[in-house]
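In case you want the letters, here they are:
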Amino acid sequence: PDPAPAVVPYQGTRRSREEESGRTMGNLPSMPTQLSEEEERSVLDYDVSVKGIAALIRQCAENKERRVVIMAGAGISVSAGIPDFRSPGTGLYDNLQKYNLPQAEAIFDIDYFQETPEAFCALAKEMWPDNFKPTPTHHFIKLLEDKGVLMRCYTQNIDTLERAAGISSDKVVEAHGSFAEAHCIKCKAEYPQKWVRSQIMQDIIPRCIECTTPAGGVGVGGYTPSAGGESRCGGLVKPDIVFFGENLPQRFHELRKGDLNQAKVLIVIGTSLSVAPFADLIHDAGDLCARLLINMNQVGGRDHAGKGFRFDCHDNYRDAALLGPCDDAVRALCDELGWRDELEALITKGNGDGDELEDLEGGAGGAGGAAEVAAAEAEAGAAAAVADERKAKTAMAVGFAAWKNAASDTPQAVPPPPAAVRPPAAPAAAAAKGLTEVKMTKNWRKPPPVLPPLRPLGPAEAGGGGGDDEEDIDTPAGLAANWTLELVEPTDRAEVMGGRPAYFSLGGLPSWLLDEDEAEEKETGDDAAAELARSREYHFIALMPAGSKLPEEKTDRDYPFREEGAETPATPDRLRLRIPWVRGGLTLPYDFQIWYCNGQADEVVARWGPLTVDANAPEDPQEEEQQQSNIEEDDIEGIAEALAPQLGMPVEAVIAMLRSQMNNRGEGEGEGEGEG
């Protein structure tokens, strides 16, 4: 394997991670890592497009840098005839009814397999990866290796088509395992693929025969055990596919951090990013790594913690997407890179056409040579089609390549045989697939917003208004021109300290923003007032450092203050903001601003400030620990809302679970205070 490339630290103005870790904002534990504009521009110079990332890949090739990492999912194998996991009518789940499973996922559950191995073995007989060939996307990954830029390919697929495409084994990490090897789940004895296949094809449940054949003897199916003995293990032998309930391969964990920290380009292709820990690889990428999503749908958007792709966001400096079928997308990308002919040559060779055409291509000259080659191609294609018809029965709609993926890979239609087994060498026109120049040049960075004027904290000036008479103003900022924000506790600004909460009164808001019934009437319009009324549930208050350009996080979780049934519902007259400790690279005095934001439109409606913090509160360890508990309690609802879909639980149940864990932790800490 090539040695890992040396990484030269960026010589810029960025704060260290240690300094960043000390920054806390509002109710949240820490601020996301911030880059200087110089650092952000060093990635793509704000040309956050497919063309921009293609230029970066080309630069890696010119400099002979192995700095491209691939994350591959089920979408790259669909055109080989391997449907994804959940496609209606053709996906794996819709084709498992005959096995009478308690639920579709059970067929890949390790506990169910130990109880009822017959279901998986019957499915494995139908889906064994003997008759599928690599797709153009697999050959694209091989081309990246040939060009000297591929650092690693992390794949969720278990179909071994990366190996079939010729990608070096040291470059591939099969995160969810594969059919290539098999082991006894009891004694861990290793079995060759050929023996396991023989057992399954004979409708025999593969069981460990270790210790049943004398040393030196030949066992069942030609397998020779490592030692003799009187007892038989008898454990189930399973292909090394990662079932639900099993750990991912150790190699995945050993390589992920180093690879992603060094990567210059991360290409995420054909995956829904719905299954951890594979999906978490995008978070491991360094801050100066460009990221390209190739997929049918846009997935992996940022979560409540600020992690994920930042498509169409003001602070996006590195995330682009090419949406469409994977094979068409990689061809379009190779057109941009100038590598299209080489990709097509790999596809032709991988389809078995190269050997038949080699002699003709070498000896055909003049005007007749091209015609002879074309005729030979047609003849070879016809012969392959006949062979593929015989193999078509193996191309059933079972998604073994994506048994852990979600529905966003589904739109890639399963091609009919024989193309299901043998991907076509002739490229489809990119324009016909919708991969236009617009998609290649689209800049996924949203221009920074124009911030409204900064207004002073305090009551409205004499003659100031607000309320319903502002309805005709045609911008949200204009509507908010007379809104006020006043510090109510502590009353003296000099008493505002880092590490302490402060309370504010928000005034001048129109009645239709506060009353749900009035808001419903207002939102039917097409003006700025209607826009604010429609988005009122997405409004939030943010405490931002002076000089900020974007609202980075929600710091007041009591706003909107229209929560029904709350024990102590927040009101515009008493909004709580926790002032962060000013430390970890920040110096006193420190100026903050308070922003009223429309999260739906990613827009700042109003700003007030400055709020100057001259001192931090005394640092009492016990008091600070209690404040951290308060922070966690304040955050618990947002965290629960993010976790609930992943856990498949109601938000209320997740909140109860998190609170129980917090209480248990507190009791455990209390019990240990007098020890040691």
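On a predicted model such as this, the values are computed, not experimentally measured, just so you know. (Residues numbered from 1 in each chain as written. Predicted model: local features only at pLDDT ≥ 70, side-chain atom pairs only at ≥ 80, totals over all residues. Heavy atoms only, no water.)

Chemist: Explain the overall build of the chain to me, please; I cannot follow it from the model alone.
Modeler: In terms of regular secondary structure, the chain is built from 21 helices and 16 strands. Every one of the 676 residues in the chain was classed for burial, and the buried ones make up 48%. (Helix = DSSP H or I, 4+ residues; strand = E, 2+ residues; numbered from the N terminus. Buried < 20%, exposed > 50% of the residue type's maximum accessible area, 1.4 Å probe, protein only.)

Chemist: For this particular structure, what's the right way to read the sheet that holds strand β2 (residues 150-155)?
Modeler: Where strands meet in a sheet, backbone hydrogen bonds hold them as pairs that are either parallel or antiparallel. Spatially, 6 strands are ordered β3-β2-β1-β7-β8-β9 in an open sheet, and the strand pairing comes out parallel. Each edge of the sheet is formed by a strand with only one pairing partner; in this case those strands are β3 (172-174) and β9 (319-323). Adjacent strand axes in the sheet meet at a mean angle of 15° when their direction is disregarded. Two elements, strand β8 (residues 290-295) and β9, share 5 bridges in a ladder whose sense is parallel. Counterpart to Leu292 in the pairing with β9 is Ala320. Here helix α6 (residues 136-146) sits on the sheet in contact with β1 (68-72), β2 and β7 (265-269), set at roughly 150° to β2. (Pairing = 2+ DSSP bridges. Axes fitted to C-alpha atoms, helices over the stretch in contact; angles between N-to-C directions. Contact = heavy atoms within 4.5 Å.)

Chemist: Whenever I open this one, the packing of aromatic side chains confuses me. Can you help?
Modeler: Aromatic ring pairs: the centre-centre distance and the angle between the two ring planes describe each pair. The full count for this structure, using the stated rule, is 11 aromatic pairs. Both rings, one in Phe113 and one in Phe120, keep their centres 5.7 Å apart while their planes meet at 90°; by these two values the pair is edge-to-face. Owing to a relative accessible area of 2%, Phe113 belongs among the buried residues under this scheme. Ring geometry for Tyr154 against Phe252: centres 6.0 Å apart, planes inclined by 85°, an arrangement best described as edge-to-face. One end of the pair, Tyr154, is in strand β2; the other, Phe252, is in helix α9 (residues 250-262), and 98 residues separate them in sequence. For the pair Tyr154 and Phe252, one class covers both residues: buried. Here the aromatic cluster, defined as three or more aromatic residues joined through ring pairs, consists of Phe108, Phe113, Phe120 and Phe243. Between the NZ or CZ atom of Lys238 and the centre of the ring of Phe243, over which it lies, the distance is 4.5 Å. The positively charged end of Arg445 is found above the aromatic ring belonging to Tyr46, 3.8 Å away from the centroid. (Phe/Tyr/Trp six-rings, centres within 6.5 Å; stacked < 30°, edge-to-face > 60°. Lys NZ or Arg CZ within 6 Å of the ring centre and 35° of its normal.)

Chemist: I would appreciate a short explanation of the packing of helix α11 (residues 326-337) against helix α12 (residues 340-350) in the present structure.
Modeler: Each pair of packed helices can be summarised by the angle the axes make with each other and by the distance between the axes. Between α11 and α12, whose axes approach to 8 Å, the crossing angle comes to 140°. As the angle between them shows, α11 and α12 are arranged oblique. Facing Val330, Arg331, Cys334 and Asp335 of α11, the residues of α12 in contact are Arg340, Leu343, Glu344 and Ile347. For the contact of α11 with α12, a count of residues per class yields 4 nonpolar, no polar and 4 charged. (Parallel < 35°, antiparallel > 145°, perpendicular 65-115°, else oblique. Nonpolar A, V, L, I, M, F, W, Y, C, P; charged D, E, K, R; others polar.)

Chemist: What should I look at first to understand unusual backbone geometry in this one?
Modeler: Glycine aside, residues mostly have negative phi angles, and peptide bonds mostly take the trans form. Across the junction of Leu588 and Pro589, the peptide omega takes the value -10°, indicating a cis bond. Mapped onto the elements, Pro589 comes out in the loop between β14 (575-578) and β15 (590-598). Across the junction of Gly609 and Pro610, the peptide omega takes the value 0°, indicating a cis bond. Notably, Asp45 is not glycine yet its phi reads approximately 55°, a positive angle. Checked against the element boundaries, Asp45 lands in the loop between α2 (37-44) and α3 (50-62). Even without glycine at this site, Asp203 takes up a positive phi of about 60°. The topology assignment puts Asp203 in the loop between α8 (193-201) and β6 (237-241). Taking the relative accessible area as the measure of exposure, Asp203 reaches 58% and is therefore exposed.

Chemist: Help me understand α12 in this model?
Modeler: In an α-helix, one turn spans 3.6 residues, which is why side chains three or four residues apart end up on the same side. Those residues of α12 that fall on the buried side of the exposure criterion are Arg340, Leu343, Glu344, Leu346 and Ile347. Looking straight down α12, one finds its buried side chains confined to an arc of 155°; they lie on one side. Opposite the buried face of α12, by more than 90 degrees, sit the exposed residues Asp341 and Lys349. Where α12 is buried, its residues touch α6 and α11. (Arc of directions from axis to C-beta.)

Chemist: Help me understand the nonpolar core, please; the structure alone is not making it clear to me.
Modeler: Inside soluble globular proteins, nonpolar side chains tend to come together where they are buried. Ile70, Phe140, Leu144, Leu266, Ile267 and Ile269 are the most contacted members of the largest nonpolar core, which totals 73 residues. Discounting chain neighbours no more than four positions away, the residues touching Ile70 are Ile141, Leu144, Leu150, Arg152, Cys153, Tyr154, Ile267 and Ile269. Listed in part, the 33 residues of the second largest apolar core include Leu487, Trp512, Ala606 and Leu611. (Core = buried A, V, L, I, M, F, W, Y, C linked by side-chain atoms within 4.5 Å.)

Chemist: Just checking my understanding: could you explain the sheet that holds strand β16 (residues 603-613) for this structure?
Modeler: With respect to topology, 4 strands assemble into an open sheet ordered β10-β16-β15-β13, the strand pairing being mixed. The sheet is open, and its two edges are formed by β10 (454-455) and β13 (539-545), each paired on a single side. Where β10 meets β16, 2 bridges bridge the pair, whose relative direction is parallel. Its bridge partner lying in β16, Arg455 is registered against Trp608.

Chemist: Honestly, the side chain of Ser505 in this entry has me stumped. Any pointers?
Modeler: Assignment of secondary structure puts Ser505 in strand β12 (residues 501-507). With residues near it in sequence (within four places) discarded, Ser505 still touches Thr484, Leu485, Glu486, Val488, Pro572 and Asp573.

Chemist: How do you make sense of the confidence of the model for the chain when you look at a structure like this?
Modeler: Caution applies to low-pLDDT parts of the model: their predicted coordinates are not meant to be read in detail. Overall, the prediction assigns the chain a mean pLDDT of 73, with 65% of residues at 70 or greater. When pLDDT is averaged over each helix and strand of the chain, the minimum, 33, is found for helix α13 (residues 354-363) and the maximum, 98, for β7. Predicted confidence for residues 430-434 stays below pLDDT 50, and this span has 4 contacts to residues more than four positions away or in other chains. For the stretch residues 462-472, pLDDT sits under 50, and the model shows 18 contacts to residues farther than four places along the chain or on other chains. (pLDDT = per-residue confidence, 0-100.)

Chemist: Please clarify how α3 should be interpreted in this entry.
Modeler: Look at α3: 18 Å from first C-alpha to last across 13 residues, which is about the 18 Å you get at 1.5 Å a residue. Of the residues making up α3, those classed as buried are Val50, Gly52, Ile53, Ala54, Leu56, Ile57, Cys60 and Ala61. (Expected span 1.5 Å × (residues − 1).)

Chemist: Is there a simple way to explain the side chain of Glu145 in this structure?
Modeler: Structurally, Glu145 is set in helix α6. If we skip the residues at most four places from it in the chain, Glu145 touches Arg66, Leu150, Gly166, Ile167, Ser168 and Lys171.

Chemist: Honestly, a negative patch on the surface in this entry has me stumped. Any pointers?
Modeler: Among the surface-exposed residues, Asp515, Glu516, Asp517, Glu518, Glu520 and Glu521 lie close enough to one another that they form a single negatively charged patch. Within the secondary structure layout, Glu518 lies in helix α18 (residues 516-522). (Patch = residues over 30% accessible without salt bridge, like charges linked within 9 Å, V, L, I, M, F, W, Y side chains within 5 Å. Areas by Shrake-Rupley, 256 points an atom, 1.4 Å probe, with all protein chains shown as cover. Salt bridge = Lys/Arg side-chain N within 4 Å of Asp/Glu carboxyl O. Lys, Arg positive; Asp, Glu negative; His and termini not counted. Charge placed at Lys NZ, Arg CZ, Asp CG, Glu CD.)

Chemist: I would appreciate a short explanation of the pairing of β12 in the present structure.
Modeler: Both faces of the sheet carry side chains from a regular strand, because those side chains alternate between them. Across the 7 residues of β12, 6 count as buried, placing the element largely inside the fold. For β12 and β14, the ladder comprises 4 bridges, and the chain directions are antiparallel. By the bridge assignment, Pro501 is partnered in β14 with Arg578.

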